[in-house]
Structure formats: structure tokens, C-alpha cells
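A structural walkthrough
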Amino acid sequence: GDVDVYVKCEAFNPMGSVKDRLALGLIESAEQSGLLKPGQTVVEASSGNTGIGLAMVCAAKGYPFVCVMSESFSIERRKLMRFLGAKVVLTNPAHKGSGMVLKAKELAAKHGWYYPDQFTAEANAAMHERTTGPEILEALGSKTLDHIFLAYGTGGTLKGVGTYLREHSKDTTIHVCEPDNAPMLFSGIATEYETDGQFKEPHPVWRPHLLQGWATDFIPRLLGEAVSQKLFDKVVHVGGDKAMATAKLLAQKEGIFTGTSGGGLLAVALEFAQRAKRGSSIVVLLPDTGERYLSTPLFADIPADMTDEEKALAASTESAAPPKITMPPVTEEALQFVRAKIAKHKVVIWSLEYCEFCWTIFRLFDALKVPYTVINIDSFAYAKDNMGNHYRSALSNLTECNTFPQCFIDGKFFGGAADACIKWKNGELQPLLEEAGVKYDDFGGYTGDAFEFLPKWMSQNPLRSK
């Protein structure tokens, strides 16, 4: 109660991290200097957050973007970039961050792409000096900023915020945090550079760590400049386990959702707060959102299936089903429509347009190179006069089945999605398809587990996401 600890949540940036700032700064600086030409491809090495920010900015401004990223970084990061229209080139994790940089430079040289080089670009630090630093002091209002805890990736945030605070809040103590198993600043060993700006070799004390986005395997130029310009006062350290535990605690006690990096910074800040001078104000910069870490160890012990306690809660009431809709009576017209469709095609799938179980059988048959006809009875084409439900009633009359999909092979009702997966595994589906004359290319050479196509949330799916 005697010390105030504030967090600056950079997850509120457009794509959810502090790196959105430098992404905009890098591109606008390159545009103003003429280094980036209209329509030119941008390529950058990133652990993900800078890449996501650049994918956003490049999409808005009309530049193709290619991110070079180690395969070890979280899957959701590469998916976000691809969703934004970017391409992601993955590198060997054994090549570390330095290998990502080398690959980005190779691609830029080979294809004539623009490489911003976030690790050396002054526009990176300048953006934080212009925005992040002032925002911190403005948010505190009349309060004095006694301590701030920052991490480093490129060193841009540290250099930019540090430069601003040295001028506008001279009494602030700046703490910089690094992984305790990769203490590069603590070691006192600098990274040496060639005359062209290329680092000579990776840092000797770097080791793999859990704090994605922090401390690549060399000391970037911007970070080296922050060191030489004395833009921080203390170096502190945190381990991955402590960082993850603190991120989870912050979420569950304060409702603030941050990743491993934010958890690491808060952990060391809270430890410091225990011995800080009474009345001190401490600010911790939380770099991003916890959603960037769903496929990482941060969420390793968070189950997708119900726990025993949750199952007990679910069983404590009857779980009443909602009322069913009243289906129209079976008509001869609807029966004729259904029979005609079944007779016309070798493989017919009666489907609901956005049903994941229907997609399951589509994906299985696509993998098997089996041609099929889909009839989505809930599509707009059958909405008038409730015709879709008339056909549904007729279909149920023929199959005595009310669920979807319903698959017919050579005029005979076969079953649904789970039936297809099970019978493929048991070898029962193959002869039916072959007899119907729809076996091509040895079923596409498919040898996988058909359950891979079922929804991953489905508790009965042996390949479900747990």
C-alpha cells in the first residue's frame, strides 16, 4: 500500500503490441527518405510482434510484406501475419535470431526488397521517444515517475524512452530486464560489428529462453547505443517460470492479459516494490497481449477439456435441451427432389453450409481425391417458402437420420462425418468408393488418420486439441 505499481498496456495498439509503434515509424521514415518505393516489397526479421505490426502497416499502405521468423516462435504469430496478407519464411531454430537477420538480408539482396533493419534503424527509437515516453509521463499526471521497468529486443523502446526520460524526468531510475539464462548486458561483453553494420558473431552468453521477443542472440546496435549513452541505471533478471507465473497471476487477480514478456517485467518490478522507498511510483511496460502465447509453454497447463471440477458443475443441473423446431410434413415434391439429386450423382453430401462436421467429410474426400456434389439445404437458394426444411423432412424420411452431413454413395445412404472417418480407418469405405467408380490416384495416396478432419474441440475426437 506504500508503493504504487502501474502497468502500461501496449496491447491496446492496433495489432496488440508495442511493436506496432516502430512498424509505423520504420515505414513512414523510409517513405519520407525515398528508400522505400511505391509497391516495393518489405522484408524484416522478427520474432513475431514487429512482423505483425509491419504486416498491418504494409497492408494499409499497399506494400507486400515478407517476415523472416524462426520456426520456434508461436504459431499464432505466423497465422496473424498471413491473415494480414503477409508471407512468412521460417528459419531453422538452431540458427537463432542472427540466422533470421542473415536470411532477411539475403532475401532483400536477391529480390531487391526493402529491409528496414529494426535492430539498427534510428526511426525505431525515435518513434518511442516521440510517443511512448511522453505518454508515460502524461498518464502519471502530477505523480513523479520514480522507477520504470523495460525489457529489450531491438533496444528501440529502451533507447527511445530512455532518451526522453533523461531529458524530461531526470530523477527516474530506469531498470532494464533480461533473461537470467541469457544475461548479455550483465556479462559486459559487447557485440562487435563489421564496417557494413553486420554483427561479427552471436553473443557468447546467449542461451534459448522463454521470453519471446526479448534478447536475441546478439546485442543490437540500438541497444549498444543505449549502453554507451547510459540510458538505463540498473540491469535486472528474471527466469521463464517466474515470468509465466506472474503473467497468470496478473490475469487472474487484476484481469490484465499479458504475455510471458510482460509477466517477466512485472515479476522483477513487484520484487523491487517490496524494498522500494515509501511513496514510490513504479511503471512497468507490458509489451503485448497474452493471445500471442496460446501455443507456447505459457498455456501448457491450461486445458481445453473440462476439468473434474467443471464436469461436476455441469452435472449439477439437468442440462435441458432447447425446444426443437416444428418440421414441415413430407411432401411428394420434396421426396422427388431429394431422390433425383441422389440418383444423379455418384457421391452426394447433404449438408449445412457452415457446419464443421460437414466440412470434415469434405476435407476427407478432398484428401482422397473423391469427387462429390454438395447440397446445402440451409442455403439462401432454399430459404423461400421454407423449402430447405421440406427437403430436410424428405431426407429424414428416407434415411431415418436427423443430423448432418448425410452422405450417399452410388445411391445408397452411407452415414455422416464420424461414420466416414471410422469406416475409412476400418477399411470399409474404400471398397464402396471403388465400386462407385470414384477411386482416383489410389485415393490421392492418402495414408493419414481420418480423425484429423474432425473438429479439434470435439471431445470424442482422439486427435482433439487438449
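Our subject is the structure that appears above.
About the criteria used
Numbering of residues starts from 1 in each chain and follows the order in which that chain's sequence is written. Whole-chain, interface and lining totals are the exception, using all residues; otherwise, since this is a predicted model, local features are given only for residues with pLDDT of at least 70 and side-chain atom pairs are given and counted only at 80 or more. As a rule here, side-chain values come from all non-hydrogen atoms in the structure, and water together with hydrogens is ignored. Only DSSP runs of H or I reaching four residues or more are called helices, and only runs of E reaching two or more are called strands; each is numbered from the N terminus. Only C-alpha atoms enter the radius of gyration, while the globule expectation follows 2.2 Å times N to the 0.38, with N the number of residues. Only protein chains enter the calculation, and the probe is 1.4 Å; a residue is then buried if its accessible area is under 20% of its type maximum, exposed if over 50%, and partly exposed in between. Contacts between residues were defined by any pair of non-hydrogen atoms, one from each residue, lying within 4.5 Å. Each accessible area value is a Shrake-Rupley result obtained with a 1.4 Å probe; residue values ignore everything except the protein chains displayed when judging cover. Positive: Lys, Arg. Negative: Asp, Glu. His and the chain ends are not part of the count. Lysine's charge is taken at NZ, arginine's at CZ, aspartate's at CG and glutamate's at CD. Pairing of N or O atoms within 3.5 Å defines a polar contact, subject to two protein rules: one partner must be a possible hydrogen donor and the other a possible acceptor, and residues neighboring in sequence count only if both atoms are side-chain atoms. Here, any two strands with at least 2 DSSP bridges between them count as paired. Lines fitted to C-alpha atoms define the axes, with helix axes restricted to the stretch in contact, and inter-axis angles between N-to-C directions lie between 0 and 180 degrees. For this analysis, a salt bridge means a side-chain nitrogen from Lys or Arg found within 4 Å of a carboxyl oxygen belonging to Asp or Glu.

1. Quick notes on the overall build of the protein
If you tally the helices and strands in the protein, you get 17 helices and 12 strands. Its C-alpha radius of gyration of 29 Å places the protein more than 25% over the 23 Å reference for a compact globule of 466 residues. Structurally, the protein occupies a C-alpha span of about 85 × 60 × 40 Å along its principal axes. Burial analysis of the protein (466 residues in total) assigns 50% to the buried set. Considering only residue pairs separated by 6 or more positions, the protein has 71% of its internal contacts joining residues 24 or more positions apart. As displayed, the protein has an accessible area near 23,000 Å², and 52% of this comes from carbon and sulfur atoms. With 48 positive and 55 negative side-chain charges, the protein shows a spacing of 2 Å between the two charge centroids.

2. Brief notes about the side chain of Glu10
Within the fold, Glu10 resides in the loop between strand 1 (4-9) and helix 1 (19-33). Separated by 3.0 Å, the side chains of Glu10 and Lys8 make a polar contact. Looking at Glu10, its side chain comes within polar contact range of the side chain of Arg21, at 2.6 Å. Among residues more than four places away in sequence, those in contact with Glu10 are Gly16, Ser17, Val18, Arg21, Leu285, Leu286 and Pro287.

3. Some details on the sheet that holds strand 9 (residues 347-351)
For sheets, the rule is that strands pair by backbone hydrogen bonds, running either parallel or antiparallel. An order of 10-9-11-12 is seen for the 4 strands of this open sheet, with the pairing classed as mixed. Looking along the sheet, the strands with just one partner apiece sit at the ends: strand 10 (373-376) and strand 12 (412-415). Averaged over all pairs of adjacent strands, the angle between their axes in this sheet comes to 25°, without regard to strand direction. Of the pairings in the sheet, the one linking strand 9 to strand 11 (residues 406-409) comprises 4 bridges and is antiparallel in character. Looking at the pairing, Val348 lines up with Phe408 of strand 11. The strands touched by helix 13 (residues 356-367) within the sheet are strand 9, strand 10 and strand 11, with strand 9 carrying the most contacts at an inclination of about 155°.

4. A short note on the pattern of salt bridges
If you walk through the whole model with that rule in mind, you get 18 salt bridges. The closest approach of N and O atoms between Glu10 and Lys8, which form a salt bridge, is 3.0 Å. Close ionic contact of Glu10 with Arg21 constitutes a salt bridge, the shortest N to O distance being 2.6 Å. One end of the pair, Glu10, is in the loop between strand 1 and helix 1; the other, Arg21, is in helix 1, and 11 residues separate them in sequence. For Arg21, a relative accessible area of 9% gives the class buried. Salt bridges linked by common partners bring Lys8, Glu10, Arg21 and Glu135 together as one network.

5. Considerations on the pairing of strand 11
What you see with strand 11 is no split at all: Gln406 and Phe408 on one side and Cys407 and Ile409 on the other are buried throughout. Where strand 11 lies against strand 12, 3 bridges are found, and the strand directions are antiparallel. Residue pairing in the sheet places Ile409 in a bridge with Lys412 of strand 12. Hairpin connection of strand 11 to strand 12: 2 residues between the antiparallel strands, including Asp410 at a positive phi of 55°.

6. Regarding the sheet that holds strand 6 (residues 173-179)
Within the open sheet, the 5 strands sit side by side as 1-8-5-6-7. Their pairing is parallel. Edge positions in the sheet fall to strand 1 and strand 7 (234-238), since each has one partner strand and no second. Mean inter-strand twist for the sheet, computed between neighbouring axes without regard to direction, equals 25°. Judged from the 5 bridges that link them, strand 5 (residues 147-151) and strand 6 form a sheet pairing that is parallel. Within the sheet, the bridge partner assigned to Ala151 lies in strand 6 and is Cys177.

7. Considering unusual backbone geometry
In this structure, Pro405 follows Phe404 across a cis peptide bond, with omega equal to 5°. Mapping Pro405 onto the fold places it in the loop between helix 14 (387-399) and strand 11. Positive phi, normally seen in glycine, also occurs at Asp385, with a value near 60°. Tracing the sequence through the fold places Asp385 in the loop between strand 10 and helix 14. At Phe443, a residue that is not glycine, the phi angle is positive and equals roughly 55°. On the secondary structure map, Phe443 appears in helix 17 (residues 441-444). Classification of Phe443 by relative accessible area gives buried; the value is 5%.

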